[in-house]
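Notes for the structure review
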Amino acid sequence: MVTLTLLSLPIFACFLGVVSTTPLSTRANPSFGQPGSKICIAWAEGDDPSLADLKTPHVVGLYTWGVSKPANADSDGFDYWPMLFGGDQATINAFESAVTEGFGTIILGFNEPNEPAQSNLDPVTAAALWKVHIEPKKTLGYKLASPAVTNDPSGLTWMQQFIEACGGCTIDYMALHWFDVGIDSLVDYVTEFHDQFGLPILLTEFAEENVNGGAQPTSAEVLAFTQQAISFFDATDFILAACPFGFVSALRGSTAPTALQNSDGTPNSLGSLLINDGQ
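As a starting point, this report considers the structure included with it. Each chain carries its own residue numbering, running from 1 in the direction its sequence is written. With the structure being a predicted model, the display of local features is reserved for residues of pLDDT at least 70 and the display and counting of side-chain atom pairs for 80 or more, all residues being used for whole-chain, interface and lining totals. Neither water nor hydrogens contribute to the side-chain values; these are computed over all heavy atoms in the structure.

Thoughts on the overall build of the protein chain
- Assigned secondary structure in the protein chain consists of 8 helices and 8 strands.
- For every residue, the accessible area (1.4 Å probe, protein chains only) is compared with the maximum for its type, and the residue is labelled buried under 20%, exposed over 50%, or partly exposed between those bounds. With 279 residues in all, the protein chain has 54% of them scored as buried.
- By definition, residues are in contact when any of their heavy atoms lie within 4.5 Å. Expressed as a percentage of contacts within the protein chain between residues at least 6 apart in sequence, the contacts between residues at least 24 apart total 68%.
- Reported accessibility uses the Shrake-Rupley method at a 1.4 Å probe radius. Residues are deemed covered only where the shown protein chains occlude them. Surface summary for the protein chain: the accessible area is close to 11100 Å², and the carbon and sulfur share equals 54%. In DSSP terms, a helix is any run of H or I states spanning at least four residues, a strand is any run of E spanning at least two, and both are numbered starting from the N terminus.

So, in structure tokens, the structure goes:
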């Protein structure tokens, strides 16, 4: 069980009034956060029936970068996590219309607000939007995950400023994205955020991919990294979920090292490794 109280949080989080209590008994799926059941699916393919091929006992959560919940998400056995992607009015209206009691289990905050090409929100504006549109959802039974920053150096500063601006807000989980090379980079990144804020982590996008212009890892290197990452997730109490980035149509049947599906939508060898807890 993960239980965080004011006294157990680091000084930074305590001072700013961020308090989280997340008993596992409140989950729709009791396997959430447990070793062997920490993989989640980041999905943008709507009602494509191949989604059902990705549900195993090791996979719990599902999100779609918005509120477009696949028709069979519940019957397939996923916990759905709606997201307020950004701060434009159309996105807010869709979010408010869709997010009702029982629609999902966890609200995901803004997508990569520290990135100009993504939700691109400053921390003060994001905090103001959170208080109006996300914070009230806890009364509907939702747990609340922070905006998901990237591992760009701007991410940590953005999150510090957001937490300060959102003093007293309910933040149950820290959502993060990571794209880099090597298990040490991943471990250092999530550990730094956990040490700084004292919150359990949902790694809602990750892939071993060089986004800094260097050489890309080989398929063999990505496979070895993935095995190490799964072992790390299962052994680390503060990591509750990790969503590999690659279950997307643009990569289906691709020979790219991070591709996770065959051309027919079934999981390839790497995708199968992920959804079966490294087996």
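Now that the structure has been shown, the text picks up again.
Re the state of the cysteines
- By convention in this document, the label disulfide applies to cysteine sulfur atom pairs within 2.5 Å. Within the structure shown, the criterion is met by 2 disulfides.
- Between the sulfur atoms of cysteine 40 and its disulfide partner cysteine 243 the distance amounts to 1.9 Å. The chirality of the disulfide connecting cysteine 40 with cysteine 243 is left-handed, given an S-S dihedral of about -105°. Taken as a pair, cysteine 40 in strand 1 (residues 39-42) and cysteine 243 in strand 8 (residues 239-244) lie far apart in primary sequence, 203 residues in all. Just as cysteine 40 is buried, cysteine 243 falls in that class too.
- Each sulfur of the disulfide joining cysteine 166 and cysteine 169 lies 2.1 Å from the other. Here the S-S torsion is close to -80°, and the disulfide linking cysteine 166 with cysteine 169 is therefore left-handed.
- For the protein chain, the bonded cysteines pair up as 1-4, 2-3 when numbered in the order they occur along the sequence.

As for the nonpolar core
- Residues Ile41, Phe162, Val190 and Phe193 are the most contacted members of the largest nonpolar core, which totals 64 residues.
- The next biggest cluster of nonpolar side chains, apart from the first, holds 18 residues, and it includes Tyr173, Leu202, Ala241 and Cys243. Joining through side-chain atoms within 4.5 Å is the link that ties buried Ala, Val, Leu, Ile, Met, Phe, Trp, Tyr and Cys residues into a set, and such a set is a nonpolar core.

Remarks on the packing of helix 4 (residues 123-134) against helix 5 (residues 154-165)
- Lines fitted to the C-alpha atoms define the axes, with helices restricted to the stretch that makes contact. Angles between their N-to-C directions range from 0 to 180 degrees. One can describe the packing of helix 4 onto helix 5 by two numbers: an axis separation of 8 Å at closest approach and a directional angle of 45°. Our classification of the angle between helix 4 and helix 5 gives oblique. The hand of the helix 4/helix 5 crossing is right-handed. In this structure, helix 4 uses Pro123, Val124, Ala126, Ala127, Trp130 and Lys131 to contact helix 5, whose residues at the interface are Trp158, Gln161, Phe162 and Ala165.
- The classification used treats Ala, Val, Leu, Ile, Met, Phe, Trp, Tyr, Cys and Pro as nonpolar, Asp, Glu, Lys and Arg as charged, and all other residues, Gly among them, as polar. Residues belonging to the contact of helix 4 with helix 5 are distributed by class as follows: 8 nonpolar, 1 polar and 1 charged. Any angle that falls under 35 degrees is termed roughly parallel, while one over 145 is termed roughly antiparallel, one within 65 to 115 roughly perpendicular, and all others oblique. Take the far helix as your reference; a near helix turned counterclockwise from it by less than a right angle gives a left-handed crossing, and one turned clockwise gives a right-handed crossing.

Quick word on a negative patch on the surface
- Like-charged residues are merged into a patch within 9 Å and nonpolar side chains (Val, Leu, Ile, Met, Phe, Trp, Tyr) within 5 Å, provided each residue has over 30% relative accessible area and no salt bridge. Salt bridges are defined by distance alone: a side-chain nitrogen of Lys or Arg within 4 Å of a carboxyl oxygen of Asp or Glu. Counting rule for charge: Lys and Arg are taken as positive, Asp and Glu as negative, and neither His nor the chain ends is counted. By convention, charge coordinates are those of NZ in Lys, CZ in Arg, CG in Asp, or CD in Glu. A contiguous patch of negative charge on the surface is contributed by Asp184, Asp188, Glu192 and Asp195.
- If you trace the backbone, aspartate 195 turns up in helix 6 (residues 183-197).

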